[in-house]
Amino acid sequence: MPQQTTELRTASFADLNARTLHDLLKLRVDVFVVEQNCPYPELDGRDVEPGTRHVWLTDGGAPLAYLRILADPDGVARIGRVVVASTARGGGHAGRLMTAALEVVGNRQCVLDAQSHLVAFYTRHGFTVSGPEYVEDGIPHTPMRRDAIDG
């Protein structure tokens, strides 16, 4: 898929149309539940929160990659559900999404729970390990954070 045809999009839940919401949720379920064999409650209620921002890349309307930014009660931004379609991996889409997400986050502190094999990827985006590794749904994860930026 040529990268020049991709479009970056950001929206709140209220701004998502039904087809887009369906396609984004299908991508998440296809990867996290089916491919990674993790039966868990993918629909956790946080997608609809007013402070949540959905960020994704499309190619011809179909989502290639996605993440969401949650507004945790303490004011910290939480990045999660970072996913790239199996057919689009290796194209730099996750890096492009993270750059866009951090622009949305701005100077606020930001946290995420990385699949442990991706710690180096998140480190390149300014995150540091903030706690011990743990296993969730059979997959090792590592908590990470990027401190608030003065300015």
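Treat the numbers as computed from the prediction; the structure is a model and nothing was measured. (Residues numbered from 1 in each chain as written. Predicted model: local features only at pLDDT ≥ 70, side-chain atom pairs only at ≥ 80, totals over all residues. Heavy atoms only, no water.)

Visitor: Got a minute to help me understand unusual backbone geometry in this structure?
Guide: Most peptide bonds take the trans form, and the phi angle of most residues other than glycine is negative. At R81, a residue that is not glycine, the phi angle is positive and equals roughly 55°. By the element assignment, R81 lies in strand β4 (residues 77-84). By relative accessible area, R81 is classed as buried at 18%. (Helix = DSSP H or I, 4+ residues; strand = E, 2+ residues; numbered from the N terminus. Buried < 20%, exposed > 50% of the residue type's maximum accessible area, 1.4 Å probe, protein only.)

Visitor: Help me out: how do you make sense of helix α1 (residues 18-35) in this one?
Guide: A turn of α-helix holds 3.6 residues, and therefore any two residues three or four places apart point the same way. Along its 18 residues, α1 runs 24 Å from first to last C-alpha, staying within 8% of the 26 Å computed at 1.5 Å per residue. Roughly 30° is the biggest bend found in α1, and it falls at V29. Every buried residue of α1 is accounted for by T20, D23, L24, L25, L27, R28, V31 and F32. By the N-cap criterion, in which a side-chain oxygen at the helix start approaches the backbone nitrogen of a residue two or three places on, α1 is capped by N17, the distance to R19 being 3.1 Å. (Expected span 1.5 Å × (residues − 1). Bend = angle between axes of the 7 residues up to and from the residue. Polar contact = N/O pair within 3.5 Å; in protein donor to acceptor, adjacent residues only side chain to side chain.)

Visitor: I tried to follow the environment of L70 on my own but got confused; where do I start?
Guide: Its location among the elements puts L70 in strand β3 (residues 62-71). Put simply, L70 and T52 are 18 residues apart on the chain and 4.6 Å apart in space, counted from C-alpha to C-alpha. In this structure, L70 is in contact with R46, T52, V76, A77 and R78, ignoring residues within four places of it in sequence. (Contact = heavy atoms within 4.5 Å.)

Visitor: Can you walk me through the nonpolar core in this structure?
Guide: As a rule of thumb, nonpolar side chains are buried together in soluble globular proteins. Membership of the largest hydrophobic core comes to 34 residues, with the highest contact counts inside it found for L67, I69, I79, M98, L112, Y122 and F127. Within the residue set of this core, elements represented by two or more residues are α1, β2 (53-59), β3, β4, α2 (93-105), β5 (110-115) and α3 (119-123). If one sorts the elements of this core by residue count, α2 sits on top with six residues. Apart from the residues within four sequence positions on either side, Y122 is in contact with V82, M98, L112, A114, F127 and M144. (Core = buried A, V, L, I, M, F, W, Y, C linked by side-chain atoms within 4.5 Å.)

Visitor: Honestly, the side chain of T142 in this entry has me stumped. Any pointers?
Guide: Within the fold, T142 resides in strand β8 (residues 139-146). Exposure remark for T142: the relative accessible area of 7% places this residue in the buried category. Within the structure, T142 has its side chain in polar contact with the side chain of S116 (distance 2.8 Å). Excluding residues that lie within four positions of it along the chain, T142 makes contacts with L112, D113, A114, S116, V119, V129, G131, E133 and Y134.

Visitor: How should the pattern of salt bridges be read in this particular structure?
Guide: Here the idea is simple: oppositely charged side chains can pair when their charged atoms come close. Within the structure shown, the criterion is met by 13 salt bridges. By sharing partners, the salt bridges in this structure join R28, D44, D47, R68 and R81 into a single network. (Salt bridge = Lys/Arg side-chain N within 4 Å of Asp/Glu carboxyl O.)

Visitor: How do you make sense of the confidence of the model for the chain when you look at a structure like this?
Guide: Do not read the fine detail of predicted coordinates wherever pLDDT is low. The predicted model of the chain averages 91 in pLDDT, with 97% of residues at 70 or higher. Within the chain, α1 has the poorest average pLDDT of any element, 91, and strand β6 (residues 128-129) the best, 98. (pLDDT = per-residue confidence, 0-100.)

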